[in-house]
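# Working through the structure, step by step
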Amino acid sequence: MKRETYKGRTIKVVGGRGNNFGRTKVTLNGVELGSWEGNEDANLRSIRGTIDHADEVGVSNGRYNPEWYAPGTFELCTAGHAKEIGGECGHPWCVEQRAEATASTAPAEIVKDDVAVDVDYVSGDNFHVGDVVAYPDRPRARVVREAEDGKDFFGRPIKRLYCRSLDGSHEGFVDYGAGGVLPKLRRVA
Ligand SMILES: [Zn+2]
């Protein structure tokens, strides 16, 4: 077990034994993040790297859950995301809510072609086989395999969904990080 404070965040890693050897239980600012692949040192490095990235994108960016930031340096928006104290939440869901609030008062001809209108931003963990990832600027893609563990360019743990574009012309992984959200096409009755 190792415990350290890095840039104001408390990190605890507990290396697994027996059947869990090679995996490490990770706790960040008191929030359990589950059991991650790799030993204690590898996960400490990975978490420091992710914290550096969280600082780089900023607390109002919406990409990281509150536990990735130093206590006392942020506040929560009404939906529970971390944001700058007194600032606007940058989480895609909140950005969309503000956009919809604006759109509802805008002239109809401006909102009628809004591609984001039938999309919800939800946790990547809520995507299952058959769901459609719908980034406004990319071909819509259907999930063909349940999420699997992967690593990003820096070796940090991520999740990835194997998807195929609706027209069948492209397939590949859509990645998301801890607490990451993706645009999900609403089911149309
Ligand atoms: Zn928010």
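Note that the coordinates shown come from a computational prediction; the quantities given were computed from them, not determined experimentally. (Residues numbered from 1 in each chain as written. Predicted model: local features only at pLDDT ≥ 70, side-chain atom pairs only at ≥ 80, totals over all residues.)

### With respect to the overall build of the chain
Applied cut-off: Per the convention used, a helix needs a DSSP run of H or I reaching at least four residues, while a strand needs a run of E reaching at least two, with both numbered from the N terminus. The contact rule is simple: place each C-beta atom from the backbone, and if two of them lie within 7 Å, those residues are in contact.
In terms of helices and strands, the chain carries three helices and 13 strands. Counting only C-alpha atoms, the chain reaches 60 × 45 × 25 Å along its principal axes. At a minimum sequence separation of 6, the contacts of the chain that also span at least 24 residues come to 42%.

### A look at the pairing of strand β11 (residues 157-165)
Rules: DSSP-based pairing: two strands are paired if at least 2 bridges between them are found.
The sheet contact formed by strand β9 (residues 141-143) and β11 spans three bridges and is antiparallel. Bridge pairing in β11 links R142 to R164. One ladder, built from four bridges, connects strand β10 (residues 148-151) with β11; its direction is antiparallel. Bridging from a neighbouring strand, E148 pairs with R160 of β11. Hairpin connection from β10 to β11: five residues lie between these consecutive antiparallel strands, with G155 at a positive phi of about 85°.

### Some details on the sheet that holds strand β3 (residues 23-28)
Using the following cut-off: For helices, the axis comes from a line fit to the C-alpha atoms of the stretch in contact; other axes are also lines fit to C-alpha atoms, and the angle between any two N-to-C directions lies between 0 and 180 degrees.
With respect to topology, four strands assemble into an open sheet ordered β1-β2-β3-β4, the strand pairing being antiparallel. A single partner strand is all that each edge strand has here, and the edge strands are β1 (2-6) and β4 (31-37). Neighbour-to-neighbour, the strand axes of this sheet turn through a mean angle of 20°, independent of strand direction. In the sheet, strand β2 (residues 9-15) pairs with β3 via five bridges, with the strands oriented antiparallel. The residue of β3 that forms the bridge with V14 is K25. This element, helix α1 (residues 40-57), spans β1, β2, β3 and β4 of the sheet and lies at about 155° to β2.

### Considerations on the domain arrangement of the chain
The condition that has to hold: Either an automatic procedure or a domain database provided the assignment from which the domain bounds are taken. Residues were grouped as follows: Ala, Val, Leu, Ile, Met, Phe, Trp, Tyr, Cys and Pro as nonpolar; Asp, Glu, Lys and Arg as charged; and all remaining residues, including Gly, as polar.
Split by domain assignment, the chain resolves into domain 1 (2-83) and domain 2 (109-185). Taking only C-alpha atoms, the centre of domain 1 and the centre of domain 2 are 23 Å apart. Tallying the contact residues gives nine residues for domain 1 and eight residues for domain 2. Breaking the side of domain 1 that touches domain 2 down by element, the ones donating at least two residues are β4 and α1. Considered class by class, the residues forming the side of domain 1 that touches domain 2 number three nonpolar, four polar and two charged.

### Details of the environment of F173
Relative to the assigned elements, F173 resides in strand β12 (residues 171-176). Spatially, the C-alpha atoms of F173 and Y162 are 4.5 Å apart, while their sequence positions differ by eleven residues.

### Looking at the environment of L166
For clarity, the cut-off: For every residue, the other C-beta atoms within 10 Å of its own C-beta are counted; 20 or more classify it as buried, 12 or fewer as exposed, and values in between as partly exposed. C-beta atoms are placed from the backbone.
Inspection of the secondary structure assignment puts L166 in the loop between β11 and β12. For L166, a count of 14 C-beta atoms within 10 Å puts it in the partly exposed group. Residue contacts for L166: discarding those within four places in its chain leaves P139, R140, A141 and R142.

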